[in-house]
Amino acid sequence: MAEAKAPQMQATLGLTGLTSNAMALIAPGAFLWLTFYIQATTGTTAPSMWIGIFAALLLCLATAVAYAEISKLYPGTGSSYYYAEQAMLSKDAAFKYARIAKFIVGWGSHLYYWVYPGVMVATTGIFVGYVVGFLDPAFMSGSNPGPIFMGLVAIVFSFFVAWIATRGAGASTAVNLAINIVQISALVVFSVLALGYRANHPAGAAGFQYDAQSLSTYTYQFATNPKDGSILRDASGVPLPLLDAAGKPVPYTITYPTTDASGNFLTHATARSVIGIHKISWVFIQATVAILILVGFESVTSMGGEAKNPTKHIPIAVIASLLIQGLICYLFEYFAANYFLNSGYTMQSAAGSAAPIGDMMIIVGDALLGQGHGRYFMLAEAFTVFLALIGTTLSCMNTGARVTYAMGKDDEAPEHFGLLHAGSLTPRRAIWTLAVISAIIGCVAVSFVFADASAPTDATIAALPHGLLSSFGYPSHDTLVAMPNSLLAITLTSNFGTFILYALSCFLCIVAFHNRPDYNAVRHLLIPGFGLLANLVCMAFYLIAPLFGLGTTKEPLLALGISIVWGIYGAIYFLRSSKAKGKSILLTAK
């Protein structure tokens, strides 16, 4: 048989390999493209997008310090799951809670590690739908791809990435290192061009107006129907120009309006507005979404069994990955994307598109290469984003599978999860199980991805190419508005699991270093204490925001409900499993 308990993980990863694996999960090339849309749909909070990311970054940095410190004490496979047991066992007054503590941490972490890859394969389905719709608009709408098509892509992508993960840590690391270099370079180029477009197009200057249906830019104002304001088009779907008294197209001039007549946010009038707080409640709501783009720095702590020098390199990799990707890449890229917004492409345009950054790439590409040629720039960037998607999904699958493996090896999860493949030394059964779960979650996430605030108009739905793969799953506008946005709900579920895991990890750092001779009040109490508090506050906003009408309402409550059900199921499983196996819930001896 290929499966056995005898094989052990081999120490093959140095500092570069560990950092690359963490950086691959925090992939700016994927998340700027994909989560800008999710963040744009969070009700009225979009003006605080950048500062929300900064707040989430502070939370993650505090948590990263906690992970870095505790990993010095307990290098091993399993990350926080392993840390929970060791931290409790080190204390005479708390050792009896070691088993229940590690199960709570392990079970809670699965709400993150098992749902997060599903979010990634779902966004890959949306991404591929956008590109296919761009290349063949008669088959698929790029702005509103078909749910069935996106679901099929999510299934194929999930198993493809799982196949890479089964090849072993060495293969995964090589892929991640190459992807990091390519995707960071590509998104920096876009960010520079976006800033250049804004600088060269002050209010009143001639510029491009983007049309979501044809996925193209135009230099003239669009003619509209006086009854409903819809854009008038020719037989091929191209917007008709608004004509002046002489019968010539009226040139399009760029402006930077803050809101529309309904109060919806449109653009930032100044650079200061991009980084402004606007409202503190908006910052917290944006942070509850933005945590998705920053998680992953802790992934290397699950690779202690594969690190050459875990006590030295893992703490460095944790902090370095977050600083490089979060502090440097994200803050620069998100500033550029938000500052770029103008009357020709507003935040409302972003909220109604499958890939806002792809749209922006077409606009800046047209400005750089000439009208009609921006598509080539977008497609080149899209290729790097696809690589980044492989990297981030691969890294999370590796991390999640190793946490599941650690629980299986401890007999806290079904025993077969604790087996390593003799050839690749990977937990293949955990990986393939996670692939199935990711595919299912991905299909659920894309089922109503254009619902709630991002619901298309009835005219847009009627204009979709008709077919099972392209238009099935789009009911009326009113029906979609009443439904929760499935992608946002699944994303918030994953993020809630993240907050649980990070809060517990900060608490474990405080416990582990209590009364130790190497205790440091700043690193082992103040910083993890801030991280614990910040994570709890963000968790609270899942309930506070809907009650006070802040941002969206349906999605946070749905995510909270899923999390509660997961917790109840975990408690039932733990009690039944303990009874069936004759295992004591509280330890009587170390």
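Relevant structure appears above.
Residues numbered from 1 in each chain as written. Predicted model: local features only at pLDDT ≥ 70, side-chain atom pairs only at ≥ 80, totals over all residues. Heavy atoms only, no water.

Student: Please give an account of unusual backbone geometry that cites residues and values.
Tutor: In this structure, Leu215 is a non-glycine residue whose phi angle is positive, near 55 degrees. Tracing the backbone shows Leu215 in the loop between strand S2 (209–211) and strand S3 (216–218). Located in the positive-phi region is His278, a residue other than glycine, with phi close to 65 degrees. Mapping His278 onto the fold places it in the loop between helix H9 (271–274) and helix H10 (280–294). (Helix = DSSP H or I, 4+ residues; strand = E, 2+ residues; numbered from the N terminus.)

Student: Describe the side chain of Asp211, naming the residues involved and giving the relevant values.
Tutor: Here Asp211 is to be found in strand S2. Under the relative-accessibility criterion, Asp211 is labelled buried at 3%. A distance of 2.5 Å separates a polar atom in the side chain of Asp211 from a polar atom in the side chain of Ser214. Engagement of the side chain of Asp211 in a polar contact is seen with the side chain of Arg233, the distance being 2.8 Å. Among residues more than four places away in sequence, those in contact with Asp211 are Ser216, Tyr218, Phe222, Ile231, Arg233, Gly237 and Pro239. (Buried < 20%, exposed > 50% of the residue type's maximum accessible area, 1.4 Å probe, protein only. Polar contact = N/O pair within 3.5 Å; in protein donor to acceptor, adjacent residues only side chain to side chain. Contact = heavy atoms within 4.5 Å.)

Student: Go over the nonpolar core with me, naming the residues and quoting the values.
Tutor: Core analysis: the biggest nonpolar cluster contains 159 residues, and Trp33, Phe36, Tyr130 and Phe190 have the highest contact counts within it. Element by element, the count of residues in this core is highest for helix H14 (residues 374–409), at 14 residues. Among all residues touching Tyr130, those that are not within four sequence positions of it are Trp33, Gly142, Pro145, Tyr210, Leu215, Ser353, Ala354, Ala355, Gly358, Asp359, Ile362 and Met378. (Core = buried A, V, L, I, M, F, W, Y, C linked by side-chain atoms within 4.5 Å.)

Student: Tell me what's going on with the packing of helix H18 (residues 486–513) against helix H20 (residues 554–581), and back it up with residues and numbers.
Tutor: With their axes 8 Å apart at the nearest point, H18 and H20 run at an angle of 50 degrees to one another. As judged from the angle between their axes, H18 and H20 are oblique. Crossing handedness for the pair H18 and H20: right-handed. Here Leu488, Ala489, Leu492, Thr493 and Phe496 of H18 lie close against H20, whose contacting residues are Glu555, Pro556, Leu558, Ala559, Leu560, Ile562 and Ser563. Tallied by class, the residues present in the contact of H18 with H20 amount to 9 nonpolar, 2 polar and 1 charged. (Axes fitted to C-alpha atoms, helices over the stretch in contact; angles between N-to-C directions. Parallel < 35°, antiparallel > 145°, perpendicular 65-115°, else oblique. Left-handed = near helix turned anticlockwise from the far one by under 90°. Nonpolar A, V, L, I, M, F, W, Y, C, P; charged D, E, K, R; others polar.)

Student: Mind laying out helix H19 (residues 521–547), listing which residues take part and the relevant values?
Tutor: Look at H19: 37 Å from first C-alpha to last across 27 residues, which is about the 39 Å you get at 1.5 Å a residue. Along H19, the sharpest change in direction is near 40 degrees and occurs at Phe541. All of the buried residues in H19 are His524, Pro528, Gly531, Ala534, Asn535, Cys538, Met539, Phe541, Tyr542, Ala545 and Pro546. Residues of H19 that are buried sit in contact with helix H3 (49–73), H10, H18 and H20. Capping of H19 at its N-terminal end is provided by Asn520; its side-chain oxygen lies 3.0 Å from the backbone amide nitrogen of Val522. After H19 finishes, the residue Gly549 shows a positive phi value of roughly 70 degrees. (Expected span 1.5 Å × (residues − 1). Bend = angle between axes of the 7 residues up to and from the residue.)

Student: Which residues make up the side chain of Thr267, and what values go with them?
Tutor: With respect to the helices, strands and loops of the structure, Thr267 is situated in the loop between S3 and H9. In terms of polar contacts, Thr267 uses its side chain to reach the backbone carbonyl oxygen of Tyr256, at 3.4 Å. Within the structure, Thr267 has its side chain in polar contact with the backbone oxygen of Pro257 (distance 2.5 Å). When sequence neighbours within four positions are dropped, the list of residues in contact with Thr267 reads Tyr256, Pro257, Thr258, Leu341, Asn342, Ser343 and Thr346.

Student: Any details on the packing of helix H13 (residues 356–369) against H14? Residues and values, ideally.
Tutor: Two elements in contact, H13 and H14, have axes whose closest approach is 7 Å; the angle formed by their N-to-C orientations is 130 degrees. The orientation of H13 with respect to H14, classified from their angle, is oblique. Of the two possible hands of crossing, H13 and H14 adopt the one that is right-handed. For the pair H13 and H14, the contacting residues are Gly358, Met361, Ile362, Val364, Gly365, Asp366 and Leu369 in the first and Gly374, Arg375, Phe377, Met378 and Glu381 in the second. Grouping the constituent residues of the contact of H13 with H14 by class yields 6 nonpolar, 3 polar and 3 charged.

Student: How would you summarise the packing of aromatic side chains if you had to cite specific residues and measurements?
Tutor: The full count for this structure, using the stated rule, is 33 aromatic pairs. With a centroid separation of 5.8 Å and an interplanar angle of 80 degrees, the aromatic rings of Tyr112 and Tyr116 are classed as edge-to-face. Judged by relative accessible area, which is 0%, Tyr116 ranks as buried. Between Phe159 and Trp432 the ring centres are 6.3 Å apart and the planes differ by 25 degrees, which places this aromatic pair in the stacked class. Taken together, the residues span a long stretch of sequence, with Phe159 in helix H7 (residues 147–165) and Trp432 in helix H15 (residues 428–447) at a distance of 273 residues. Assessed through its relative accessible area of 33%, Phe159 is described here as partly exposed. What makes Trp432 partly exposed here is its relative accessible area of 33%. An aromatic cluster is built from Phe103, Trp107, Trp114, Trp566, Tyr569, Tyr573 and Phe574, whose rings are joined through pairwise contacts. Note that Arg198 overlies the ring of Tyr339, its terminal NZ or CZ placed 4.1 Å from the centroid. (Phe/Tyr/Trp six-rings, centres within 6.5 Å; stacked < 30°, edge-to-face > 60°. Lys NZ or Arg CZ within 6 Å of the ring centre and 35° of its normal.)

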